[in-house]
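Coordinates in review
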Amino acid sequence: MTMRFLITGGTGTTGSRVATALAAEGMSVRVGSRTPAPGTGQVRFDWSDPTTHGPALTGTDGVYLVPPIGDAEPARLMAPFLERALDAGVRRFVLLSSSAIAEGDPGAGEVHRAMRQLAPEWAVLRPSWFMQNFVTPGHLHVESIRATDEIVTATGEGRVGFVDAGDIAAVAVRALADERPHNAAHLITGPQALGYADVAEAVSKVSGREIRHRSVPAADFRERLVASGMPEAFARVLAAMDDGIAHGSEDRVDPAVERITGRPARDFADFAAENAAAWARTA
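A brief look at the structure comes next. A quick note: this is a predicted structure, and the numbers were derived from the prediction, not measured. (Residues numbered from 1 in each chain as written. Predicted model: local features only at pLDDT ≥ 70, side-chain atom pairs only at ≥ 80, totals over all residues. Heavy atoms only, no water.)

Val18, Leu22, Tyr64 and Leu125 are the most contacted members of the largest nonpolar core, which has 30 residues in total. Of all the secondary structure elements, the ones that give two or more residues to this core are β1 (4-7), α1 (15-24), β5 (92-96), β6 (121-127), α6 (165-177) and α10 (256-261). Beyond its immediate sequence surroundings of up to four residues, Leu125 is in contact with Tyr64, Val94, Leu95, Leu96, Ser97, Ser98, Ile168, Val171, Ala172, His186 and Ile188. (Core = buried A, V, L, I, M, F, W, Y, C linked by side-chain atoms within 4.5 Å. Buried < 20%, exposed > 50% of the residue type's maximum accessible area, 1.4 Å probe, protein only. Helix = DSSP H or I, 4+ residues; strand = E, 2+ residues; numbered from the N terminus. Contact = heavy atoms within 4.5 Å.)

Inspection of every chain in the model, using the stated rule, returns 22 salt bridges. A salt bridge links Arg281 to Asp149, with the nearest nitrogen and oxygen atoms 3.5 Å apart. Here Asp149 lies in the loop between α5 (140-148) and β7 (150-153) and Arg281 lies in the segment after α11 (268-274), a separation of 132 residues in the sequence. Given a relative accessible area of 13%, Asp149 falls into the buried group. Here Arg214 and Glu150 are joined by a salt bridge, their closest N and O atoms 3.0 Å apart. One end of the pair, Arg214, is in strand β11 (residues 212-215); the other, Glu150, is in strand β7, and 64 residues separate them in sequence. Since its relative accessible area comes to 38%, Arg214 is described here as partly exposed. Each of Glu25, Arg174 and Asp178 takes part in a single network of salt bridges with overlapping partners. (Salt bridge = Lys/Arg side-chain N within 4 Å of Asp/Glu carboxyl O.)

Packing of helix α3 (residues 75-87) against helix α4 (residues 108-118) leaves a shortest axis separation of 9 Å and a crossing angle of 15 degrees. When the axes of α3 and α4 are compared, the pair comes out roughly parallel. The handedness of the crossing between α3 and α4 is right-handed. Between α3 and α4, the residues in contact are Ala75, Met78, Leu82, Glu83 and Leu86 and Glu110, Val111, Ala114, Met115 and Leu118, respectively. When its residues are assigned to classes, the contact of α3 with α4 shows eight nonpolar, no polar and two charged. (Axes fitted to C-alpha atoms, helices over the stretch in contact; angles between N-to-C directions. Parallel < 35°, antiparallel > 145°, perpendicular 65-115°, else oblique. Left-handed = near helix turned anticlockwise from the far one by under 90°. Nonpolar A, V, L, I, M, F, W, Y, C, P; charged D, E, K, R; others polar.)

Taken in spatial order, the seven strands make up an open sheet running β3-β2-β1-β4-β5-β6-β9, and their pairing is parallel. Strands at the two margins of the open sheet, each flanked by one partner only, are β3 (43-44) and β9 (184-188). Sheet analysis places β1 next to strand β2 (residues 28-33), joined by four bridges and oriented parallel. Across the sheet, residue Arg4 finds its bridge partner in β2, namely Ser28. Each of β1, β2 and β4 (62-65) is contacted by α1, which is oriented at about 165 degrees to β1, the strand it contacts most. Across the face of the sheet, α4 comes into contact with β4, β5, β6 and β9 while running at roughly 155 degrees to β6. (Pairing = 2+ DSSP bridges.)

The buried count for β5 comes to five of five residues, which makes it a mostly enclosed element. The alternating pattern of β5 places Arg92, Val94 and Leu96 and Phe93 and Leu95 on opposite faces, both of which are buried. Looking at chain direction, β4 and β5 are connected through four bridges and run parallel. Bridging from a neighbouring strand, Val63 pairs with Phe93 of β5.

Turning our attention to the side chain of His186. Mapping His186 onto the fold places it in strand β9. Under the relative-accessibility criterion, His186 is labelled buried at 8%. Residues contacting His186, with those up to four places away along its chain left out, are Val124, Leu125, Arg126, Val171, Arg259 and Ile260.

Here's what the structure looks like:
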């Protein structure tokens, strides 16, 4: 039977990949976006506008949940949506959370807990930091590499199991489309834990320039994020995560990608080689 899915954040980093892969498997996909492009079949979906929720949910069996970007308290919007979706007959939910957020933690952790308690079929994706953070236009890391040949964090010598968004999406597709519900939280990492200095070295090799990692105190990093336009509350959360990395919170790897998809997770060196053009020096 063809399953019908709503993909929130459907034009974003993971959502767009999930939608494409589900469609390739013959599933019916409804892409939700705050600004749907005309003629694409996308539907308007805005977490902060409940009037968009009902129409987007109509006739769906499962939902891919991407929390509202930059919101430090997503549960206030997502928990009522979850209840509405259940009332509409949706059975399966897959939540994009983070490796840094456990069930019940403030933010997406609260949504994780509510979904596990209420949904008959569910999965939570807890990916480590995205490799795409180093290539997505507008992200602080890629812009600083282009402009100043450096990556600035508050992570010290801490290491992270950086993961490709394509691998996250591949796990999401299986959690949505597999006949048997996963009913589990999946820690999703790349194949190795790297420090930001290791990332800088990998970028240096493919860009032909010396890229450095500069670690700053967490308070300074928070101010840097706020200066870039990020809301203060969310900047505080990200700075605290960097501080956690400095103390070893993300120094781990997990074989979930290969276990669930049947193929190994992507290596950062391969990712860097494929995306070398992203780090061209800005004038």
